[in-house]
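Structure assessment
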Amino acid sequence: MYGHKITIIDYGVGNLQSLKKAFSFFGVNAALSEDVDEILNSDAIVLPGVGSFEAGMRGLKVRGLTDAVKTFAAADKPMLGICLGAQLMLGEGHEFGVFDGLGIIPGKAARFPELAGGEKIPHVGWNRVKSPGGDIWNKDFYFVHSYILEPESRENIFGLTTYGEYEFCSVIKKGNIYGCQFHPEKSGAAGLKLIKSFINLI
Amino acid sequence: MKNIRIIPRLDIKGPNVVKPVHTEALRVVGNPKELARRYYEEGADELIYLDIVASLYQRNLDFDLLKSVAENIFIPVTVGGGIRTIHDINNALRSGADKVAINTHALRHPEFLSEAAKEFGSQCIVLYIEAKRQLDGTYEAYTDGGREHSGINTVEWAKRGVELGAGEILITSVDRDGTRKGYDLDLIKQIAAFSPVPVIAHGGAGDSGSILRVINEGKADAVSASSIFHYGDFKISNVKNYLREKNINVRTQNNNY
């Protein structure tokens, strides 16, 4: 069952070791790669990311990976975007200007609005994720971000989180494509469980 | 809902976790890999890993040791000690760090904070301040593990650091570190009062009550402690249970995969 090929797209700086470790915790060797063929031949891919929206898109572009990721998504094979990686899946990002995203799910990555309770931005720490209809998740995950996922359609909202009094979308989904604003690889057992569920999509 | 983070801190010297008292006298506490694993399983929300002599001896921290410690720890790890270049930060991130704590080099070259924030994002850059109370009641920022004074006022430095791009502030009271006399509430309050970014309080944790006070009175966003966890007097889960009874939101750890 775990002989499948999972690729973590390596398109710049950041700690990809813990993500790789999270997969190997379940006996899966997820390879780090920036090779188009390897990505397209994978059973599932992970798009990680820290840094600004524009820098992230640039990282994909200079490696010639933008089309590969879009093609992979169009086939509706399992794909997981994490933090900036999830934001890049949207149509555009509003960090330091307006930039085109991958456009896999319609919507934009927008700055957190000023919060009524004066809560600090970036939103750093553990917070609860719930599904829109009920409490399928209802677990704490680790967040660190100043921008949020704003899909155009409610259909693409798969998880919600409340910071202060403000509710925002913390997980987007379209078919087998998922994007989470938090870091599952940094979210203890709850995060590992999510990684396991992702592996099981294959 | 906002969860207060409980963050054990590992002070590293050579291959060991040590415990400084007033950041000077050292005692060997144990093996960093074992302690990190234990804290992770007990429900630590993050870890702080500081090589406490790297800066003093002008060398880098041991990235291989860091790698072995960060392995299989699925919570964020903040790493500090002798970070002086973009290359050092890259090495730390590649060895399992999620954020870096910068003190000495930032005080000498403040523009390094901007450079680092631009490259890795503010969320990755933690301004680490070692503060020592002066006779007039103000606090001065120290370097090299609390050994050298900088002549710079702590509050002013914190403000500048945030402007330059630091995404969090880790503030240690050199006077309280290792004493278990409670956090320096005055100090923490001064920083948390203005800071637009999260403030992690450290230095002086004595019991669960002292942690409650630095949250309620000091307004800390996160609390770091070492001695009380190292010597097994308090388990992270016990501290969290106590805080929960006092209506503080903390994360519940569940080791069920």
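Residues numbered from 1 in each chain as written. Chains lettered and ligands numbered in written order. Predicted model: local features only at pLDDT ≥ 70, side-chain atom pairs only at ≥ 80, totals over all residues.

1. Some remarks on the overall build of chain A
Heads up, the condition is: Strands here mean DSSP runs of E at least two residues long; helices mean DSSP runs of H or I at least four residues long; both are numbered from the N terminus. What the globule rule says is 2.2 Å times the number of residues to the power 0.38, and the radius of gyration is computed from C-alpha atoms.
Assigned secondary structure in chain A consists of six helices and 13 strands. Taken against the 2.2 N^0.38 rule, which gives 17 Å for 202 residues, the C-alpha radius of gyration of chain A at 16 Å falls within 12% of a compact globule.

2. With respect to the overall build of chain B
So the rule is basically this: Exposure is read from a count of other C-beta atoms within 10 Å of each residue's own; the residue is exposed at 12 or fewer, buried at 20 or more and partly exposed in between. C-beta atoms are placed from the backbone. With C-beta atoms placed from the backbone, a contact is any residue pair whose C-beta atoms sit within 7 Å.
Counting its secondary structure elements, chain B contains ten helices and twelve strands. For a compact globule of 257 residues, the expected C-alpha radius of gyration is about 18 Å, and chain B comes in at 17 Å, within 12% of that figure. Overall, the C-alpha framework of chain B stretches about 45 × 40 × 35 Å when taken along its three principal axes. Here chain B holds 257 residues, and 55% of them are scored as buried. Residue pairs in contact within chain B that sit at least 24 positions apart in sequence constitute 66% of those at least 6 positions apart.

3. Side note on the pairing of strand E8 (residues 123-129) of chain A
Residue and element names in this part refer to chain A. To keep things clear, this is the line we draw: DSSP calls a pair of strands paired once it identifies at least 2 bridges connecting them.
Among the seven residues that make up E8, seven are buried, leaving the element largely enclosed by the rest of the structure. Here seven bridges tie E8 to strand E9 (residues 139-145), and the two strands are oriented antiparallel to one another. Along E9, the bridge assignment pairs Val129 with Lys139.

4. Considerations on the interface of chain A and chain B
Inclusion rule: Note on residue categories: nonpolar means Ala, Val, Leu, Ile, Met, Phe, Trp, Tyr, Cys or Pro, charged means Asp, Glu, Lys or Arg, and polar means any other residue, Gly included.
Between chain A and chain B, the residue contacts involve 31 residues of the former and 33 residues of the latter. Per-element tally for the side of chain A that touches chain B: the top contributor is helix H6 (residues 188-199) of chain A, with six residues. Residue composition of the side of chain A that touches chain B, grouped by class: ten nonpolar, twelve polar and nine charged.

5. Brief notes about the environment of B:Ile200
All names here are of chain B. Tracing the backbone shows Ile200 in strand E11 (residues 199-202). Residue Ile200 is classed as buried on the basis of its 26 C-beta neighbours within 10 Å. In this structure, the C-alpha to C-alpha distance between Ile200 and Ser210, residues ten residues apart in sequence, is 14 Å. In this view, Ile200 contacts Ile7, Glu168, Ile169, Leu170, Ala220, Asp221, Ala222 and Ser224; residues no more than four positions away in its chain are not counted.

6. Some details on the packing of helix H1 (residues 32-42) of chain B against helix H2 (residues 63-70) of chain B
Residue and element names in this part refer to chain B. This is how it is decided: Axis definition: a line fit to C-alpha positions, over the contact stretch in the case of helices; interaxial angles, taken between N-to-C directions, run 0 to 180 degrees. With respect to orientation, any angle under 35 degrees is reported as roughly parallel, any angle over 145 as roughly antiparallel, any angle of 65 to 115 as roughly perpendicular, and every other angle as oblique. Crossings are sorted by hand: turned counterclockwise from the far helix by less than a right angle, the near helix makes the crossing left-handed, and turned clockwise it makes it right-handed.
Remark: H1 packs on H2, axes separated minimally by 8 Å, with the N-to-C direction vectors making an angle of 30 degrees. Considering the angle they form, H1 stands roughly parallel to H2. In this structure, H1 meets H2 at a crossing whose hand is right-handed. In this structure, H1 contributes Pro32, Lys33 and Ala36 to the contact, and H2 contributes Leu65, Ser68 and Val69. By residue class, the composition of the contact of H1 with H2 is four nonpolar, one polar and one charged.

7. Concerning the nonpolar core
The line we're drawing: As used throughout, a nonpolar core is a set of buried Ala, Val, Leu, Ile, Met, Phe, Trp, Tyr and Cys residues joined through C-beta atoms within 7 Å of each other.
Judged by nonpolar contacts, the single largest core of 144 residues is most densely connected at B:Leu47, B:Val100, B:Ile169 and B:Val223. Setting aside residues no more than four positions away along its own chain, B:Ile169 makes contact with B:Leu127, B:Ile129, B:Ala158, B:Gly161, B:Ile191, B:Ser195, B:Val197, B:Val199 and B:Ile200.

8. Some points on the packing of helix H8 (residues 208-216) of chain B against helix H10 (residues 236-245) of chain B
Residues and elements named next belong to chain B. One way to put it is that H8 packs onto H10 with a least axis distance of 10 Å and a crossing angle of 55 degrees. Judged on the interaxial angle alone, H10 and H8 are oblique. Of the two possible hands of crossing, H8 and H10 adopt the one that is right-handed. Residue-level inspection shows Ser208, Ile211 and Leu212 of H8 in contact with H10, the latter providing Val239, Tyr242 and Leu243. Of the residues contributing to the contact of H8 with H10, the split by class is five nonpolar, one polar and no charged.

9. As for unusual backbone geometry
Between A:Ile121 and the following residue, A:Pro122, the backbone shows a cis peptide bond with an omega angle of 5 degrees. The backbone of B:Lys219 shows a phi angle near 65 degrees, a positive value even though the residue is not glycine. Residue placement: B:Lys219 occurs in the loop between H8 and strand E12 (222-225). For B:Lys219, a count of 16 C-beta atoms within 10 Å corresponds to the partly exposed category. Despite not being glycine, B:Asn247 shows a phi value in the positive range, around 65 degrees. Within the fold, B:Asn247 resides in the segment after H10. By the C-beta count within 10 Å, which is 7 here, B:Asn247 ends up exposed.

10. Topic: helix H1 (residues 17-24) of chain A
Of the residues making up H1(A), those classed as buried are A:Ser18, A:Leu19, A:Lys20, A:Ala22 and A:Phe23. Turning to H1(A), the residues buried within the fold contact strand E1 (6-9), strand E2 (31-33), strand E3 (44-47) and H6 of chain A.

11. Some words on H8(B)
Residue and element names in this part refer to chain B. Note the threshold: Our arc is simply the arc of the directions from the helix axis toward the C-beta atoms.
Burial in H8 covers these residues: Ser210, Ile211, Val214 and Ile215. Buried residues along H8 cover an arc of 140 degrees about the axis, so they all sit on one side. On its buried face, H8 sits against helix H7 (185-194), E11, E12 and H10.

12. Topic: the confidence of the model for chain B
The test is simple: Per-residue confidence from the prediction method is given by pLDDT, with values spanning 0 to 100.
Per-residue confidence for chain B gives a mean pLDDT of 92, with 98% of residues at or over 70. The ipTM value of the predicted complex is 0.88, and its pTM value is 0.92.

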